[in-house]
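Residues per chain are reported as follows:
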Amino acid sequence: MPDDHAADSADLPAYVPPPDPPLRVPLRFEDWLTVLTLGALSCITLANVIVRYLTAESFAWTEEISIFLLIVLTLSASSSAFVRVLHIRIELLADGGGPARQRRYALAAGAVSLLFFAGLTVLLGRMALDEYNWGDTSPAIGVPTWWYSMWLPVLSAVITLRLAGILRRAWERA
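Thresholds, definitions, all that
- Residues numbered from 1 in each chain as written.
- Predicted model: local features only at pLDDT ≥ 70, side-chain atom pairs only at ≥ 80, totals over all residues.
- Heavy atoms only, no water.
- pLDDT = per-residue confidence, 0-100.
- Helix = DSSP H or I, 4+ residues; strand = E, 2+ residues; numbered from the N terminus.
- Patch = residues over 30% accessible without salt bridge, like charges linked within 9 Å, V, L, I, M, F, W, Y side chains within 5 Å.
- Areas by Shrake-Rupley, 256 points an atom, 1.4 Å probe, with all protein chains shown as cover.
- Salt bridge = Lys/Arg side-chain N within 4 Å of Asp/Glu carboxyl O.
- Buried < 20%, exposed > 50% of the residue type's maximum accessible area, 1.4 Å probe, protein only.
- Axes fitted to C-alpha atoms, helices over the stretch in contact; angles between N-to-C directions.
- Parallel < 35°, antiparallel > 145°, perpendicular 65-115°, else oblique.
- Left-handed = near helix turned anticlockwise from the far one by under 90°.
- Nonpolar A, V, L, I, M, F, W, Y, C, P; charged D, E, K, R; others polar.
- Core = buried A, V, L, I, M, F, W, Y, C linked by side-chain atoms within 4.5 Å.
- Contact = heavy atoms within 4.5 Å.

S.K.: What is the right way to look at the confidence of the model for the protein in this model?
M.R.: Detailed reading of the predicted model is not advised wherever pLDDT is low. Within the protein, residue pLDDT values average 87, and 94% of them lie at 70 or more. Element-level pLDDT for the protein is lowest in helix α3 (residues 91-94), with a mean of 75, against a maximum mean of 93 in helix α4 (residues 99-134).

Take a look at the structure:
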């Protein structure tokens with residue numbers, strides 16, 4: 001007996017993502033970085049699983065690189081999510097009320113996010129510099145940890161610039 005409450009997939013409209021907003025710098029950089037990072041992370045993890053299954057040993061270096069790639073993936077995907085308005089937000093507040101209220105919330109959220117990522121850029125830069133100055137090395141591979149951490153302030157700065165553009169466009173919208 002068919003379930004009366006089950007929706008037939010043919011009856012549901014196909015999800016079509018909204019077009020990207022017009023930007024001076026297209027989101028291709030973040031999109032490609034996200035895809036390549038996810039691909040590398042998948043290959044490294046799969047290789048570790050296969051080796052662990054066949055030999056009962058593991059590649060210790062995969063965990064170290066996987067953590068770095070997860071952070072890169074998070075930052076690169078966050079940048080495009082902010083621009084596409086696909087980030088986590090309270091839609092009841094962000095989309096509720098009139099256009100003036102939505103604009104005020106967009107400006108407030110953009111300003112707070114911009115300040116956060118600007119501060120994060122500075123702190124991550126200081127962390128990378130400290131790791132360089134102190135000569136810290138990674139536990140598994142033994143390479144300098146600043147090789148990993150030097151990319152974090154760069155990606156955080158990209159998010160900061162994207163947020164500045166979002167804030168400028170929200171300010172200009174009347």
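S.K.: Looking at this structure, how should I read a nonpolar patch on the surface?
M.R.: Taken together, the side chains of L46, I50, Y53 and L54 present a nonpolar region at the surface, about 500 Å² in accessible area. Topologically, Y53 is positioned in helix α1 (residues 28-55). Assessed through its relative accessible area of 71%, Y53 is described here as exposed.

S.K.: Help me understand the environment of L86 in this model?
M.R.: Along the polypeptide, L86 turns up in the loop between α2 (60-83) and α3. Sequence separation between L86 and V25 is 61 residues; the distance between their C-alpha atoms is 18 Å.

S.K.: What is the right way to read the packing of α4 against helix α6 (residues 151-172) from this model?
M.R.: At a minimum axis distance of 8 Å, the contact between α4 and α6 shows a crossing angle of 160°. Between α4 and α6, the angle is such that the two are roughly antiparallel. In terms of crossing hand, the pair formed by α4 and α6 is left-handed. The residue inventory of the contact of α4 with α6, partitioned by class, reads 17 nonpolar, 6 polar and 1 charged.

S.K.: How do you make sense of the nonpolar core when you look at a structure like this?
M.R.: If you look at the biggest cluster of nonpolar residues, it comprises 16 residues, and the most contacted ones within it are F68, L69, L75, F82, F117, I159 and L163. Elements with a minimum of two residues in this core: α1, α2, α4 and α6. Examining the composition of this core, we find that 6 residues originate from one element, α2, more than from any other. Beyond its immediate chain neighbours, meaning those up to four positions away, L69 contacts T37, A40, L41 and I44.

S.K.: I tried to follow the pattern of salt bridges on my own but got confused; where do I start?
M.R.: In the structure shown here, the tally under the stated rule is 5 salt bridges. Between E30 and R162 there is a salt bridge whose closest N-O contact spans 2.8 Å. On the criterion of sequence distance, the pair formed by E30 in helix α1 and R162 in helix α6 is long-range, its members being 132 residues apart. Classification of R162 by relative accessible area gives buried; the value is 11%. The partner of D31 in a salt bridge is R84, with the nearest N and O atoms 2.7 Å apart. With D31 in helix α1 and R84 in the loop between α2 and α3, this pair connects stretches of sequence that are 53 residues apart. By relative accessible area, R84 is classed as partly exposed at 22%. One salt-bridge network, held together by shared partners, links D20, D31 and R84.

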